[in-house]
Amino acid sequence: QVQLVESGGGLVQAGGSLRLSCAASGRTFSNYGMAWFRQAPGKEREFVARVTWNGGSTYYADSVKGRFTISRDNAKNTVYLQMNSLKPEDTAVYYCAVDRNVRSYTTRYYFPDQYDYWGQGTQVTVSS
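The rules behind these values
- Per chain, residue numbering runs from 1 following the sequence as it is written.
- With pLDDT at 70 or above as the cut-off, local features in this predicted model cover only qualifying residues; side-chain atom pairs require 80 or more to be listed or tallied, and sums for whole chains, interfaces and linings still use all residues.
- The side-chain values count all of the structure's non-hydrogen atoms but skip hydrogen atoms and water molecules.
- In this scheme Phe, Tyr and Trp rings, the latter by its six-membered ring, pair at centre separations within 6.5 Å, and the angle between planes marks the pair as stacked below 30 degrees, edge-to-face above 60, and tilted otherwise.
- Elements are defined by DSSP. Helices are runs of H or I of four residues or more, strands are runs of E of two residues or more, and each kind is numbered from the N terminus.
- In this scheme, a residue with accessible area under 20% of its type's maximum is buried, one over 50% is exposed, and one in between is partly exposed, where area comes from a 1.4 Å probe on protein chains only.
- Any Lys NZ or Arg CZ found within 6 Å of a ring centre and within 35 degrees of that ring's normal is scored as a charge over the ring.
- Within this document, salt bridges are pairs made up of a side-chain nitrogen of Lys or Arg and a carboxyl oxygen of Asp or Glu, the two lying within 4 Å of each other.
- By definition in these notes, contact holds between two residues if any of their heavy atoms fall within 4.5 Å.
- Definitions used for this entry: grid spacing 1 Å over protein atoms alone; cavity, a set of points where a 1.4 Å probe fits but cannot get out; pocket, an open set with protein on both sides within 12 Å along at least 5 of 7 lines; lining residue, one with an atom within 4 Å of a point.
- Grid points are joined across faces, edges and corners, and a volume is the space filled by probe spheres set on the points.
- Only Asp, Glu, Lys and Arg are considered charged, only Ala, Val, Leu, Ile, Met, Phe, Trp, Tyr, Cys and Pro nonpolar, and every remaining residue, Gly among them, polar.
- Strand pairing requires that DSSP identify at least two bridges connecting the strands.
- Here the axes come from fitting lines to C-alpha atoms, over the contacting stretch only for helices, and the angles between their N-to-C directions go from 0 to 180 degrees.

Trainee: Would you mind going over the packing of aromatic side chains with me for this structure?
Mentor: Aromatic ring pairs are defined here through the distance separating the ring centres and the angle between the ring planes. Counted under the stated rule, the structure contains nine aromatic pairs. On the basis of an interplanar angle of 55° and a centroid distance of 5.3 Å, the ring pair of phenylalanine 47 and tyrosine 109 is categorised as tilted. Of this pair, phenylalanine 47 sits in strand β5 (residues 46-51) while tyrosine 109 sits in the loop between β9 (92-99) and β10 (115-118); the two residues are 62 residues apart in sequence, bridging distant segments of the chain. Across the pair, tyrosine 109 and phenylalanine 47 agree in class, each one buried. Put simply, the rings of Phe37, Phe47, Tyr59, Tyr109, Tyr110, Phe111, Tyr115 and Trp118 touch in pairs and so form one group of aromatic residues. Positioned above the aromatic ring of phenylalanine 29 is the side chain of arginine 72, whose terminal nitrogen or guanidinium carbon lies 4.3 Å from the ring centre.

Here it is, written out as structure tokens:
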């Protein structure tokens, strides 16, 4: 059974930083791309960032480009999201997700249906 457990969320002032972690188990982690999505109250879940299975490529939503960095440590089965220069509009529940397909280079990475397992989410609140 695949399990994804996020941590690292919290309350931070605008301009601050947080680092989210997602620990994975139940799948050969190094064969699967990973992504972060977020969902704010009353809004749909939206893509934030993705890292390919081998860490060779990363992708970001325009709204976080230059402020957020996704990375992975395959030895620890963990993916990270470093979030800097946080803004109140970054407030949301952040979810990590694992690719549906092994060693995928999907170009549809911003669609939730490309991922088949999700974590429980971690709340990030940015105060102004």
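Trainee: Hey, could you run me through the pattern of salt bridges in this one?
Mentor: A side chain with one charge may pair with a side chain of the opposite charge, provided their charged atoms come close. This model, assessed by the stated rule, comprises seven salt bridges. Across the salt bridge formed by aspartate 90 and arginine 67, the nearest N and O atoms sit 2.8 Å from each other. With aspartate 90 in the loop between β8 (78-83) and β9 and arginine 67 in the loop between β6 (58-60) and β7 (68-73), the pair connects residues that are 23 residues apart, well separated along the chain. With a relative accessible area of 1%, aspartate 90 lands in the buried category. The class for arginine 67 is buried, based on a relative accessible area of 10%. Two residues, aspartate 113 and arginine 108, come together in a salt bridge whose shortest N-O distance is 3.4 Å. Here the residues in one salt-bridge network are Arg38, Glu46, Arg67 and Asp90, joined through shared partners.

Trainee: Help me understand the side chain of asparagine 31, please; the structure alone is not making it clear to me.
Mentor: Its location among the elements puts asparagine 31 in the loop between β3 (18-25) and β4 (34-39). On the basis of relative accessibility, which here comes to 18%, the residue asparagine 31 falls in the buried class. With near-sequence residues (within four places) excluded, asparagine 31 lies in contact with Trp53, Val102 and Arg103.

Trainee: Got a minute to help me understand empty space enclosed by the protein in this structure?
Mentor: Once rolled over the atoms, a probe with the size of a water molecule shows which space is left empty. This model, assessed by the stated rule, comprises one cavity of 30 Å³ or more. Taken as a whole, the largest cavity holds about 60 Å³ of empty space. Taken together, Val2, Leu4, Ala24, Ser25, Gly26, Arg27, Thr28, Phe29, Tyr32, Met34 and Val98 form the lining of the largest cavity. In terms of residue class, the lining of the largest cavity is made up of seven nonpolar, three polar and one charged.

Trainee: Explain the pairing of β4 to me, please; I cannot follow it from the model alone.
Mentor: Residues in a regular strand point their side chains to alternate faces of the sheet. Here β4 lies mainly inside the structure; five of its six residues are buried. Bridging between β4 and β5 involves five bridges; their strand directions are antiparallel. Looking across to β5, one finds that alanine 35 is bridged to arginine 50. Connecting β4 to the next strand, β5, in antiparallel fashion are six residues, including glycine 42 with a positive phi near 75°. Pairing of β4 with β9, which is carried by six bridges, proceeds in the antiparallel orientation.

Trainee: I keep staring at the sheet that holds β3 and nothing clicks. Help me out?
Mentor: Two pairing modes exist for strands in a sheet, parallel and antiparallel, and in both the strands are linked by backbone hydrogen bonds. Read across the open sheet, the four strands follow the order β1-β3-β8-β7; overall the sheet is antiparallel. The strands lining the two open edges of the sheet, one partner per strand, are β1 (3-7) and β7. Strand-to-strand, the axes of this sheet are offset by a mean angle of 15°, without reference to chain direction. Taken together, the five bridges between β1 and β3 define a ladder with antiparallel strand orientation.

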